Amino acid sequence: MTSRYQSLPGRAPGFTYQHSRRGLLRTKGPLVLHCEDLSMTTLAEKFGTPLYVYSGETITAHHLAFDRAFRDIHHTICYSVKANSNLSILRLLARKGCGFDVVSGGELERVMTADRRAAKRVVFSGVGKTREEITAALKAGILLFNIESESELWALAECAGRLRTKAPVAFRVNPDVAAETHPYISTGLHKHKFGVPVSEARALYAEASGVRYLRVRGVSVHIGSQITDAGPFGEAMSRVADLVRELRRDGHEIDYVDAGGGLGISYDQPPAGTFPQQVAAYAAALVKPLRDLKIHLLLEPGRSIVGPAGALLTSIVYKKSNNGKKFLIVDAAMNDLIRPALYGAFHEIIPVTLHTDQIAKSETTDIVGPVCETGDFFARDRTLPVLEEGDLLAILDAGAYGMALASNYNTRPRPAEVLVSGKSAKLIRRREKISDLLRQEL
Ligand SMILES: *Cc1c(COP(=O)(O)O)cnc(C)c1O
């Protein structure tokens, strides 16, 4: 066996190769990729492909790693629902006492459906909250509104006034910190649409505290996503800490600091250290500037909780070669997982079954879907063992911004999702049917 395949799943601990056993004598068969204790081959047979497979153990372990890393400071983890909003995943996290970061009325409704009691641990972010969404969140009794403009503040005050209630407010400040990530998911610079400039924050807090239906509670920040260096997080947090001191001097009660999400994961190589070690480094950077402030820290991780916990299982439909350029055409496509097409993102792709004789031979190939777009690829010039039509592939680290960004482009029904826990697999979303897609149309 090549050590490459043995070591790869170290990044996604829920996915490991194990020898299959066959026949009455249970002789050792080929190595087969498993999610926890279930073989991906069995899952493909039972649920079909393309299929999103999640390791429940990984999700809860990553949530626990956050909880432990921040044990020395009062904190609430508010999982960012937009990374993966499946109700069963929300329920799994809610049962662990997790809170939620929502960016729409729809996401709030998902949280309420998963666990109504979690509403008091919900923070509401986003630049364009409508009055309907604000009103629903006020009625639900959420923990905090992260406000991103003066206009939005007045909309919140108006909605709260109508309900004769007091809305808990934080402003999301834009710390003007550059973070190394893809430009589409970097959010902490002045040129981005997010937050209010730190220089204008004091005036806005003064305005908010004069309104009867608003209660100033905290300061929020979120500098972007897929950030793997702790430096920018620490930098943003020290600007926030300075602002908290100023605001307190101005007489505001600042109990909460919301640090946002954004901790990156390793898509292309084994990370430096285990996940708990990575979170510990992140925690150290965040907590240091806040040490003497006695605040309650809110955290909004999304990708780092669910990303490595999910794989997209797909099967090879055809092999073809155009003038020597090789392609594996699989039954998943950009509508199921758009990250490679949208961000040029890298995903590790591994065969589900490793036959000893296959591993010896390898070939370089593109892995593409059936959608009519050149951007419909999962990998280019990837070296894999020689595979055949009908073989299964696993696209790793697909648990975050995978299914959540899936669409029906090319009138393709979205995949089913299963949540694995030890030896059991639960279908948590049925595969769509074409009739589901046509139903809305007149
Ligand atoms: C997207 C987002 C998050 C989650 O980001 P991850 O990179 O998935 O951790 C958290 N907070 C806000 C405000 C967001 O927009």
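Quantities reported herein were computed from a predicted structural model and do not represent experimental measurements.

What counts and how
Residues numbered from 1 in each chain as written. Predicted model: local features only at pLDDT ≥ 70, side-chain atom pairs only at ≥ 80, totals over all residues. Heavy atoms only, no water. Helix = DSSP H or I, 4+ residues; strand = E, 2+ residues; numbered from the N terminus. Rg over C-alpha atoms; globule rule 2.2 N^0.38 Å. Buried < 20%, exposed > 50% of the residue type's maximum accessible area, 1.4 Å probe, protein only. Contact = heavy atoms within 4.5 Å. Areas by Shrake-Rupley, 256 points an atom, 1.4 Å probe, with all protein chains shown as cover. Patch = residues over 30% accessible without salt bridge, like charges linked within 9 Å, V, L, I, M, F, W, Y side chains within 5 Å. Salt bridge = Lys/Arg side-chain N within 4 Å of Asp/Glu carboxyl O. Lys, Arg positive; Asp, Glu negative; His and termini not counted. Charge placed at Lys NZ, Arg CZ, Asp CG, Glu CD. Pairing = 2+ DSSP bridges. Near = heavy atom within 4 Å. Polar contact = N/O pair within 3.5 Å; in protein donor to acceptor, adjacent residues only side chain to side chain. Nonpolar A, V, L, I, M, F, W, Y, C, P; charged D, E, K, R; others polar.

Student: Help me get a handle on the overall build of the protein, residues and values and all.
Tutor: For the protein, the helix and strand inventory stands at 14 helices and 22 strands. In terms of C-alpha radius of gyration, the protein reaches 23 Å, essentially the compact-globule figure of 22 Å for 442 residues. Principal-axis analysis of the C-alpha atoms gives the protein an extent of 75 × 55 × 45 Å. When burial is assessed residue by residue, the protein has 57% of its 442 residues classed as buried. Across the protein, every contact between residues at least 6 apart in sequence was considered, and the portion connecting residues at least 24 apart equals 69%. Just so you have it, the protein exposes about 19,500 Å², and 50% of that area is on carbon and sulfur atoms.

Student: Go over a positive patch on the surface with me, naming the residues and quoting the values.
Tutor: Taken together, the side chains of Arg91, Arg95, Lys96 and Lys426 make up a positively charged region of the molecular surface. Assessed through its relative accessible area of 31%, arginine 91 is described here as partly exposed.

Student: If you had to explain the pairing of strand S2 (residues 27–35) to someone new, which residues and values would you point to?
Tutor: With 7 of its 9 residues buried, S2 lies for the most part within the structure. Direction of pairing for strand S1 (residues 15–22) relative to S2: antiparallel, over a ladder of 7 bridges. Note on S2: the bridge partner recorded for glutamine 18 is valine 32. Across 2 bridges, the pairing between S2 and strand S17 (residues 353–354) is antiparallel. Across the sheet, residue leucine 31 finds its bridge partner in S17, namely leucine 354.

Student: Break down the site of the ligand for me, with residues and values.
Tutor: As a matter of local geometry, the ligand sits amid 14 residues, with Lys82, Ser225, Glu300, Arg303 and Tyr401 nearest to it. Contact distances for the ligand include 3.5 Å between a nitrogen atom and a side-chain N or O atom of histidine 222. Glycine 262 has a polar backbone atom sitting 2.8 Å from an oxygen atom of the ligand. Alone, the ligand offers 390 Å² of accessible surface; in the complex the protein occludes 93% of this. The residue makeup of the shell around the ligand, split by class, is 2 nonpolar, 7 polar and 5 charged.

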